[in-house]
Amino acid sequence: ALSLQLLKLLPLPQTSIAGMAAMDVEGPAVVGMPEIAAMPQIARRVNFKLFQQAGVGASLRVGGRLSAASSGEERTLTTTDGGSLRISLPAAALPPAIEGGAFVEVVGTKAGDNSMQTVGVVTMPGKEPMVDAELWDEAVKLADLPQLRDLFAPSA
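Residues numbered from 1 in each chain as written. Predicted model: local features only at pLDDT ≥ 70, side-chain atom pairs only at ≥ 80, totals over all residues. Heavy atoms only, no water.

> Which parts of the structure should I look at to understand the packing of aromatic side chains?
This model, assessed by the stated rule, comprises one aromatic pair. Lying across the ring of Phe-51, Lys-110 places its NZ or CZ 5.1 Å from the centre. (Phe/Tyr/Trp six-rings, centres within 6.5 Å; stacked < 30°, edge-to-face > 60°. Lys NZ or Arg CZ within 6 Å of the ring centre and 35° of its normal.)

> So what exactly am I meant to see when it comes to the pairing of strand 4 (residues 74-79) here?
Remark: a regular strand shows side chains that alternate across the two faces of the sheet. Because side chains alternate across strand 4, one face comprises the buried residues Arg-75, Leu-77 and Thr-79, and the other comprises Glu-74, Thr-76 and Thr-78, none of which is buried. Direction of pairing for strand 3 (residues 59-66) relative to strand 4: antiparallel, over a ladder of three bridges. Counted as the bridge partner of Gly-64 is Thr-79 from strand 4. The pairing of strand 4 with strand 5 (residues 84-88) spans five bridges and is antiparallel. Bridge assignment links Glu-74 to a residue of strand 5, and that residue is Ser-88. (Buried < 20%, exposed > 50% of the residue type's maximum accessible area, 1.4 Å probe, protein only. Helix = DSSP H or I, 4+ residues; strand = E, 2+ residues; numbered from the N terminus. Pairing = 2+ DSSP bridges.)

> Any chance you could explain helix 5 (residues 133-143) here in plain terms?
Each full turn of the α-helix corresponds to 3.6 residues, which orients residues three or four apart in the same direction. Every buried residue of helix 5 is accounted for by Trp-136, Asp-137 and Val-140. For helix 5, the angular spread of the buried residues around the axis is 100 degrees, confining them to a single face. Relative to its buried face, helix 5 has exposed residues pointing more than 90 degrees away, namely Glu-134 and Leu-135. Contact partners of the buried residues in helix 5: strand 2 (44-46), helix 3 (48-53), strand 3 and strand 6 (103-112). (Arc of directions from axis to C-beta. Contact = heavy atoms within 4.5 Å.)

Structure representation (C-alpha cells):
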C-alpha cells in the first residue's frame, strides 16, 4: 500500500498519441496476391541456376530486378546470380515501387528454359537499396542443399 502511495506522488510524463513520433513503416507492394494464394503448390524460392534445373510447370519464386518497361507485358528479370529470365507479367498495373527497378520476387510457373509465366510480383518493404542480392542468392543456395532442404521446404 505504501508503494502505491509513493507512485501517486511521482510526477508522470505527459504524453499523448499526437505527441508520439509516427513510425514510417511500409509494407511490401504486391501484385496478384489472390492468384499467388490460389496456386496449386507453394512456390519454391530459386535463383537462375536452380530455375534451369526445375521442370516446366514448377511453381517458383525468383528474386531480382525487373528491366524497364518495353512494348507489351514481357520484361526481363535479372536474377540474384546474374541470369536473365523473360517474365510475362500479370495484367494488373504495376505500382511505382515495382516499376522503379526495386528488388522483387516474381512468383509463377516455369514456362521454358529462360521464361516464366508470372501470377504475382512482390517487392521488399523499405527504401532502396534494401536487399543485398549476393546475400539473398547465398540464402537461396543454402536452402537448396540436401542437408538443409527439409528445414526450408514449404509445407501446405
